[in-house]
Amino acid sequence: MHAAIKNRVVRNEHRFSRSSLFTFLRGALALALVAACLAACSSAPKRPAEIFSSRNMAETYLEVATKDTDRGSYDAALDTLDEARRAAVGADDPSLRIRTALLRGNILFYKGDLPAAEAEWQQALAEAEASGDRELAARSRIHRSWGTLMEAISRKEGPQAAQTVRDAVNRDAAQLKKDTEGIAFGYMVIALAEKELGRSKEAEAAAQKALAIHDKENYLEKAAYDWYIIASIRSVAGRYADAQKALDEAIAFDRRAENTAGLAAEWRARGDVYTKAGASALAEEAYARSREIYATITE
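Our subject in this report is the structure included herewith.

Scoring rules and cut-offs
Residues numbered from 1 in each chain as written. Predicted model: local features only at pLDDT ≥ 70, side-chain atom pairs only at ≥ 80, totals over all residues. Heavy atoms only, no water. Buried < 20%, exposed > 50% of the residue type's maximum accessible area, 1.4 Å probe, protein only. Helix = DSSP H or I, 4+ residues; strand = E, 2+ residues; numbered from the N terminus. Contact = heavy atoms within 4.5 Å. Polar contact = N/O pair within 3.5 Å; in protein donor to acceptor, adjacent residues only side chain to side chain. Salt bridge = Lys/Arg side-chain N within 4 Å of Asp/Glu carboxyl O. Core = buried A, V, L, I, M, F, W, Y, C linked by side-chain atoms within 4.5 Å. Axes fitted to C-alpha atoms, helices over the stretch in contact; angles between N-to-C directions. Parallel < 35°, antiparallel > 145°, perpendicular 65-115°, else oblique. Left-handed = near helix turned anticlockwise from the far one by under 90°. Nonpolar A, V, L, I, M, F, W, Y, C, P; charged D, E, K, R; others polar.

Side note on helix α7 (residues 158–173)
Residue pairs three or four apart in sequence face the same way in an α-helix, which turns once every 3.6 residues.
Argument step 1. The complete set of buried residues in α7 reads Gly158, Ala161, Ala162, Val165, Arg166, Ala168, Val169 and Asp172.
Argument step 2. Those residues of α7 that are buried lie in contact with α6 (134–154) and α8 (180–196).

This is how it looks when you write it as structure tokens:
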């Protein structure tokens, strides 16, 4: 009897020992899982405080549209700009809305639709002023001043408008601090105004400032255009050899950019400078080169 009781106690103790071990292990495993979960949760990336998908897309479209504009591909630029505008409006981003309107105004001006261009520039200015962005408001006024000057030049009234435009752009450009693209554009408008006023030294100095910005930031097509304008300034001043050197630089930049339209324009300008210098044979060679390059666009 005593032996039976003893055996039962031993079996119960053994059963209790196994049960306790199992319970302990199960609790330890649970604690380990909780600890692992807490560790994983603490190391998980935080949710972003701001989303940039649409704005990044708009920036990309805007960059492509700008490049197409610099290459003279205005219809393609407008198509791409429509996508940039859609993304900018969808994100309700004032800066992107304003910059797409400014570029659209420029393109419409290049295409000869001045009223539509002025409407875009005015829309950009109104939105910039409403948003309180002084730099974009200043840049919007610079675009309008540029349109005013270019329209006056087309009517052979450039000198009459140039001083007013130059003074206005100087005031607006002084408000630009971080907007390097706007600063460069302002310098180029000043260069064109100074050229119309017959101040070739001041005109080239302003164009060189625009060039320094574009060259530093690898805006190849814009740097080529800066050199093109410098060549024009030098040519008007009768400095034909120096004008050809500027065109050498313009061609070098546009070759790097593979800007066919720009290259055709520069070779045509080279022909014009040779014509002014009385080098008719060289002028005809340059004109032929320009026609050959331009034909690759229209074929």
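Text resumes after the structure shown.
Considering the side chain of Glu135
Argument step 1. Of note, Glu135 is situated in helix α6.
Argument step 2. At 3.3 Å, the side chain of Glu135 and the backbone nitrogen of Lys178 are in polar contact.
Argument step 3. Apart from the residues within four sequence positions on either side, Glu135 is in contact with Gln175, Leu176, Lys177, Lys178 and Asp179.

Considerations on the pattern of salt bridges
Argument step 1. For the structure on display, the rule yields 24 salt bridges.
Argument step 2. Linking Arg199 and Glu194 is a salt bridge whose minimum nitrogen-to-oxygen distance equals 2.6 Å.
Argument step 3. Looking at Arg199, the relative accessible area reads 33%, which means it is partly exposed.
Argument step 4. Classification of Glu194 as buried rests on a relative accessible area of 7%.
Argument step 5. Among the salt bridges present, the one from Arg199 reaches Glu202, with a minimum N-O distance of 3.9 Å.
Argument step 6. For Glu202, a relative accessible area of 33% puts it in the partly exposed group.
Argument step 7. Several salt bridges share partner residues, and in doing so they unite Arg166, Asp167, Glu194, Arg199 and Glu202 into one network.

Considering the nonpolar core
In globular proteins that are soluble, nonpolar side chains generally tend to be buried together.
Argument step 1. Within the largest apolar cluster, 52 residues are counted, with the highest numbers of intra-cluster contacts made by Trp146, Leu149, Val189 and Trp227.
Argument step 2. With 9 residues, the single largest contributor to this core is α8.
Argument step 3. Once residues lying within four places of it in the same chain are set aside, the contact partners of Leu149 are Gly158, Ala162, Val165, Val189, Leu192, Ala193 and Glu196.
Argument step 4. Ala77, Ala87, Leu103 and Ile107 belong to the second largest nonpolar core, which has 12 residues in total.

Points about the packing of α8 against helix α10 (residues 220–236)
Argument step 1. One can describe the packing of α8 onto α10 by two numbers: an axis separation of 11 Å at closest approach and a directional angle of 15°. What the angle tells us is that α8 and α10 run roughly parallel. Note on packing geometry: the crossing formed by α8 with α10 is left-handed. Contacts between α8 and α10 involve Glu181, Met188, Leu192 and Lys195 from the former and Lys222, Tyr225, Asp226, Ile229, Ser232, Ile233 and Val236 from the latter.
Argument step 2. The residue makeup of the contact of α8 with α10, split by class, is 6 nonpolar, 1 polar and 4 charged.

Let's talk about the packing of α7 against α8
For any two helices packed against each other, the geometry comes down to the angle between their axes and how far apart the axes lie.
Argument step 1. Between α7 and α8, whose axes approach to 8 Å, the crossing angle comes to 150°. Here α8 runs roughly antiparallel to α7, going by the angle between their axes. With respect to the hand of their crossing, α7 and α8 are arranged in left-handed fashion. Between α7 and α8, the contacting residues are Gly158, Pro159, Ala162, Val165, Arg166, Val169 and Asn170 on the first element and Gly186, Val189, Ile190, Ala193, Glu194 and Glu196 on the second.
Argument step 2. Counted by class, the contact of α7 with α8 contains 7 nonpolar, 3 polar and 3 charged residues.

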